[in-house]
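Coordinates in review
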Amino acid sequence: EFHAELELLSSEEASTPHISFPIRLERQLMVGSYDEVLDASSHVPDPSYSFFMDNLLQTVRDSIADCVEVSYKTMSIEDAVNMMKFDSREDLLEYIQECRDDWIVDEASSELCFQPPEVGAKASDIPSKQLMAQTLSYATELE
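Residues numbered from 1 in each chain as written. Predicted model: local features only at pLDDT ≥ 70, side-chain atom pairs only at ≥ 80, totals over all residues. Heavy atoms only, no water.

**So, the overall build of the chain**
For the chain, the helix and strand inventory stands at eight helices and three strands. The N-to-C order of helical and strand elements in the chain reads α-α-α-α-α-β-α-α-β-β-α. Relative to its length of 143 residues, the chain is extended, with a C-alpha radius of gyration of 20 Å against a globular reference of 15 Å. The principal-axis extents of the C-alpha atoms in the chain amount to approximately 55 × 45 × 20 Å. For the chain, with 143 residues in total, the buried portion stands at 22%. (Helix = DSSP H or I, 4+ residues; strand = E, 2+ residues; numbered from the N terminus. Rg over C-alpha atoms; globule rule 2.2 N^0.38 Å. Buried < 20%, exposed > 50% of the residue type's maximum accessible area, 1.4 Å probe, protein only.)

**Comments concerning the side chain of Ser20**
With respect to the helices and strands, the residue Ser20 is situated in helix α3 (residues 17–31). Residue classification places Ser20 among the buried residues on the basis of a relative accessible area of 14%. In this view, Ser20 contacts Ala14 and Ser15; residues no more than four positions away in its chain are not counted. (Contact = heavy atoms within 4.5 Å.)

**Re the packing of aromatic side chains**
Throughout the structure, instances matching the rule amount to three aromatic pairs. Between Trp103 and Phe114 the ring centres are 4.8 Å apart and the planes differ by 75°, which places this aromatic pair in the edge-to-face class. Separated by eleven residues along the polypeptide, Trp103 in the loop between α7 (89–99) and β2 (104–106) and Phe114 in the loop between β3 (111–113) and α8 (128–142) bring together distant segments of the chain. For the residue pair Trp103 and Phe114, the accessibility class agrees, reading buried in each case. (Phe/Tyr/Trp six-rings, centres within 6.5 Å; stacked < 30°, edge-to-face > 60°.)

**Thoughts on the pattern of salt bridges**
Enumeration over the complete set of coordinates arrives at five salt bridges. Between Asp39 and Lys85 there is a salt bridge, and its shortest N-O distance comes to 3.4 Å. In this pair, Asp39 is assigned in helix α4 (residues 34–40) and Lys85 in the loop between α6 (77–83) and α7, connecting sequence segments 46 residues apart. With a shortest N-O distance of 2.7 Å, Arg89 and Glu107 are connected by a salt bridge. Here Arg89, found in helix α7, pairs with Glu107, found in the loop between β2 and β3; they are 18 residues apart in sequence, far enough to count as distant. A residue is classified by how much of its surface remains accessible, and Glu107, at 48% relative accessible area, is partly exposed. Members of the salt-bridge network, linked through shared partners, are Asp35, Asp39 and Lys85. (Salt bridge = Lys/Arg side-chain N within 4 Å of Asp/Glu carboxyl O.)

**What about the layout of surface pockets?**
The computed volume of the largest pocket comes to approximately 210 Å³. For the lining of the largest pocket, the secondary structure elements donating two or more residues are α5 (50–71) and α7. At five residues, α7 tops the list of elements feeding residues into the lining of the largest pocket. The residue inventory of the lining of the largest pocket, partitioned by class, reads four nonpolar, one polar and seven charged. (1 Å grid on protein atoms, 1.4 Å probe; cavity = no way out; pocket = protein on both sides within 12 Å on 5 of 7 lines; lining within 4 Å. Points joined across faces, edges and corners; volume = space filled by probe spheres on them. Nonpolar A, V, L, I, M, F, W, Y, C, P; charged D, E, K, R; others polar.)

**Here's the deal with the environment of Ala123**
Tracing the sequence through the fold places Ala123 in the loop between β3 and α8. Note: C-alpha distance between Ala123 and Asp79 (44 residues apart in sequence) is 36 Å.

**Here's the deal with the nonpolar core**
Most often, soluble globular proteins have nonpolar side chains that are buried together. Grouped together as the largest cluster of nonpolar side chains are 25 residues, with contacts concentrated most on Leu25, Met84, Leu92 and Leu112. Contributing elements (two or more residues each) for this core: α3, α4, α5, α6 and α7. Here this core takes seven residues from α5, the largest share from any one element. Leave out the neighbours within four places in its chain, and Met84 touches Leu38, Arg61, Ile64, Ala65, Leu92 and Tyr95. (Core = buried A, V, L, I, M, F, W, Y, C linked by side-chain atoms within 4.5 Å.)

Printed below as a string of C-alpha cells:
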C-alpha cells in the first residue's frame with residue numbers, strides 16, 4: 001500500500017522534506033544502506049520524527065549486531081562503536097547489557113567476543129505445517 005500511495009503523489013508533494021525523508025529512508029533500507037539510515041537520524045526534518053527514528057535505529061542496530069556476531073569471532077569495541085554509530089563506548093556497552101547479554105566484553109583487550117551460534121537448525125525445527133497453512137490462507141485471501 002505504501003508504494004501505491006506514493007504513485008498518487010505529485011512530484012511537488014513528493015519533494016517536500018516531510019515526505020521525501022521517509023521515502024529516502026525506505027529506499028535505503030531496501031538496498032541495505034544501514035550506514036545511511038543511521039546517519040539520517042541526525043537530519044530529521046521535524047522533531048516529531050524522533051520517536052520513529054529511535055525505534056528504527058534500534059532495529060537497524062539489532063540487524064547489524066545479528067550480522068556482526070556471525071561474521072566475526074571478535075571485534076574491537078571501537079570498531080563496534082563506529083559500525084553501529086553509537087555516540088560513545090558507554091552507549092555500546094549499555095546496548096550490549098540490555099540487548100546482547102551473550103556477547104563477552106573483554107576490557108583488558110578492548111574486544112568483544114561473540115558466542116558461537118547454536119548448532120544449526122534442523123528441518124524438524126521448521127514449523128512446516130503451520131507455514132503451509134498460513135501460505136494457503138494468504139493465497140485464498142488474495143483470490
